[in-house]
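# Secondary and tertiary structure notes
Each chain, written out:
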Amino acid sequence: MTVSPALPAAPKVAVIVVAAGSGSRLGHAEPKAFVLLHMRPLLEHALDSIFDMNEPAQIIVVAPGDRVADARAIAAHAAARHTAARHVTFASALSIVAGGRTRQESVDHGLSALLPSIDVVLVHDAARALTPAALCDQVVAAVRATRHGIIPGLPVVDTIKRVAASGAILGTVDRSELSAVQTPQGFPRAMFEAARTWAAANGRFEALTDDAALVADAGHPVTVIAGHPLAFKITTPEDLERADLILHAATPPPVLLPRIGTGLDVHAFAADDSTELWLAGLFWPGEKGLSGHSDGDVAAHAICDALLGAAGLGDIGSIFGTADPRFSGAHGDVFLIETLRLVRAAGYLVGNVSVQIIGNRPKFSPRRAEAEARLSGILSAPVNLAATTTDALGFTGRGEGIAATATALLYPAPSAAPSAAPGTGQTPDLNWEA
Ligand code: CTP
Ligand code: MG
């Protein structure tokens, strides 16, 4: 296990995550940073990358003024998850501040929370929620190596035209000179603060919305490094859909392990002599029958419970009902066939089944192979049957009824796509006509 170093008492890098915008182009009622993507706010996704940086950083979240408490809760939740995963305490260097009217004002509010130890400052849009941590690390490394401002950018692939309000084309821009810039944008702290002071003093603040432009305008060097396609800004509903598709594609399918289940069933012998005995899928002429709503085949019923239990689909009573008129007198194969269908729909095949029948009668061994062949045929899997008495002890020993236990092993069907997740207790629809 890799254990990252503890967050230094005095971190050197700070990331200001600006999340105070309203997201008017996204068009949600919530401010953009709180819009959910795969059930988590965009802000939390953005923070995940920051927490995953090689060098643990001071994190300053700039939130809408009326959502500071919510942003704190989201950040604390993300910090706790990463603390547990990386054995690093992040909470001590986490600040949440209220944003301003413009992005620049929001950055300013963030800067006011910098710890004295910080010498590299990154400014990052929460709206670039899927930005990889490695890009943040690369920006930090490049700031340190060059002592420049560093911004990630991607080459522009489309042909760019300058167009008049009328729609007339004024010219084609040389795209080899163009870069679509992203965040995080990183700067040596002293350079960044000096540039902002200069911009404020020279009335440039309102005009320059991008951190790098402001630094370059004040005469400091800014260099572009390779950006990352995942650092795209979520601005419109189409961007959010794209992010959703990317996360969906990246989510691995659930790993299905083999599963076992056990079942037990008991039926009393019927009081009358006319009830037929059905056991292990066979009719036993001349033997005393078992009482029950169905045919009382304890072996078949125990197998059903073992299969349903292994698949996490509940039990025979909850699936078939104990008083459903459709199952009055029904034989074991009816239950087994439908149980097998449900198990397969859940993404499993039967590995094998082992059954123990407990009772004085009928004498089972002469028809053991016949019963095994019948049940194995129904389940398309080996079924082993054993029978025992209880040495005259208990209700089976007194000849009051028959019991059976079963153990079943299921294994995931190759490229199984479960239609009902095992273990959810969800009862699938029964479709008897199908
Ligand atoms: N931002 C901010 N404070 C503002 C405006 C924007 O912190 N007053 C942040 C946004 O939260 C976002 C980043 O700056 O993370 C980039 O801005 P943008 O994508 O334009 O977000 P919004 O301004 O929220 O969206 P829109 O322009 O569609 O309203
Ligand atoms: Mg905006």
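In what follows, the accompanying structure is described. (Residues numbered from 1 in each chain as written. Chains lettered and ligands numbered in written order. Predicted model: local features only at pLDDT ≥ 70, side-chain atom pairs only at ≥ 80, totals over all residues. Heavy atoms only, no water.)

## As for the packing of aromatic side chains
Condition: For Phe, Tyr and Trp, rings pair up if their centres lie within 6.5 Å, where Trp contributes its six-membered ring, and each pair is then called stacked (planes under 30 degrees apart), edge-to-face (over 60) or tilted (otherwise). Throughout this description, buried means an accessible area under 20% of the type-specific maximum (1.4 Å probe, protein chains only), exposed means over 50%, and partly exposed covers the range between. Helix numbers and strand numbers start at the N terminus; a helix is a DSSP run of H or I with at least 4 residues, a strand a run of E with at least 2. Note on geometry: a ring has a charge over it if NZ (lysine) or CZ (arginine) is within 6 Å of the ring centre and within 35 degrees of the ring normal.
For the structure shown, the criterion picks out six aromatic pairs. Between Phe-187 and Phe-192, the aromatic rings sit 4.5 Å apart at their centres with planes inclined by 5°, giving stacked as the arrangement. There is no split in this pair, since Phe-187 and Phe-192 are both buried. Between the aromatic rings of Phe-320 and Phe-335, the centroid separation amounts to 5.1 Å while the plane-to-plane angle is 80°, which identifies the pairing as edge-to-face. One end of the pair, Phe-320, is in helix α9 (residues 316-320); the other, Phe-335, is in helix α10 (residues 332-345), and 15 residues separate them in sequence. For the pair Phe-320 and Phe-335, one class covers both residues: buried. We note Arg-242 situated over the ring of Phe-232; from NZ or CZ to the ring centre the distance is 3.8 Å. In this arrangement the basic side chain of Arg-367 is found over the ring face of Trp-284, its NZ or CZ atom lying 4.7 Å from the centre.

## Observations regarding helix α3 (residues 103-111)
Formally: Throughout, the arc means the angular range of directions from the helix axis out to the C-beta atoms. A contact between two residues is defined here by any heavy atoms of the two lying within 4.5 Å.
Regarding α3, the residues found buried are Gln-104, Ser-106, Val-107, Gly-110 and Leu-111. The buried residues of α3 all sit within an arc of 160° when viewed along its axis, so they share a single face. Residues of α3 that are buried make contact with β1 (13-18), β4 (58-63), β5 (94-98), β6 (120-125), α5 (189-201) and α6 (211-217).

## Points about the site of ligand 1
Rule in force here: Proximity is defined per residue: if any heavy atom of the residue lies within 4 Å of a molecule or strand, that residue is considered near it. Contacts described as polar in this section are N or O atom pairs within 3.5 Å, which, within protein, must combine one atom able to donate a hydrogen with one able to accept it, while residues neighboring in sequence count only if both atoms come from side chains. Note on definitions: the grid is 1 Å and covers protein atoms alone; a cavity is a set of points where a 1.4 Å probe fits but cannot get out; a pocket is an open set with protein on both sides within 12 Å along at least five of seven lines; lining residues have an atom within 4 Å of a point. Being in a pocket or cavity means that more than half of the molecule's atoms lie within 2 Å of its grid points. Each residue gets one of three labels, nonpolar for Ala, Val, Leu, Ile, Met, Phe, Trp, Tyr, Cys and Pro, charged for Asp, Glu, Lys and Arg, and polar for the others, Gly among them.
The environment of ligand 1 is made up of 18 residues, and the closest members are Val-18, Gly-23, Ser-24, Ser-106 and Lys-233. One nitrogen or oxygen atom from the main chain of Ser-22 is found 3.2 Å from an oxygen atom belonging to ligand 1. In this structure, an oxygen atom belonging to ligand 1 sits 3.3 Å away from a main-chain N or O atom of Ala-127. Its atoms largely coinciding with the cavity grid, ligand 1 occupies the largest pocket. When grouped by side-chain class, the residues that make up the shell around ligand 1 number five nonpolar, seven polar and six charged.

## Details of the pattern of salt bridges
To keep it simple, the criterion reads: Definition used for salt bridges: Asp or Glu carboxyl oxygen within 4 Å of a side-chain nitrogen of Lys or Arg.
Scanning the entire structure with this criterion turns up 22 salt bridges. Residues Arg-196 and Asp-108 are paired through a salt bridge, measuring 3.0 Å at the closest nitrogen-oxygen approach. Placement of Arg-196 in helix α5 and of Asp-108 in helix α3 is noted, with a sequence separation of 88 residues between them. A relative accessible area of 32% places Asp-108 in the partly exposed class. Residue Glu-193 is joined to Arg-189 by a salt bridge in which the shortest nitrogen-to-oxygen separation is 3.2 Å.

## A closer look at helix α4 (residues 133-146)
Where we set the bar: Expected helix span is taken as 1.5 Å per residue step, with the number of steps being one fewer than the number of residues.
Here α4 spans 20 Å end to end across 14 residues, near enough to the 20 Å set by a 1.5 Å rise per residue. Along α4, the residues classified as buried are Ala-133, Leu-135, Cys-136, Asp-137, Val-139, Val-140, Ala-142 and Val-143. Looking at the packing, one finds that the buried side of α4 touches β1, α1 (42-51), β6, β7 (149-155), β11 (185-188) and β12 (222-226). Where α4 ends, the next residue or the one after it, Arg-147, has phi of about 60°, a positive value.

## Observations regarding the pairing of β5
Going by this rule: Two strands are counted as paired when DSSP detects at least two bridges linking them.
When you tally the buried positions in β5, you get four out of five residues, the bulk of the element. In this structure, β4 lies alongside β5, joined through five bridges in parallel fashion. If you follow Ala-63 over to β5, its bridge partner there is Ala-98.

## Let's talk about the packing of α10 against helix α11 (residues 368-379)
Basically, it comes down to this: An axis is simply a line fitted to the C-alpha atoms; with a helix, the fit covers only the stretch in contact. Between two such axes, the angle follows the N-to-C directions and lies from 0 to 180 degrees. Crossing handedness: left-handed means the near helix sits turned counterclockwise from the far one by under a right angle, and right-handed means the same turn made clockwise.
Where α10 contacts α11, the axes come no closer than 9 Å and their chain directions differ by 35°. For the crossing formed where α10 meets α11, the hand is right-handed. In contact with Asp-333, Leu-336, Ile-337, Leu-340 and Arg-344 of α10, α11 contributes Arg-374, Leu-375, Ile-378 and Leu-379.

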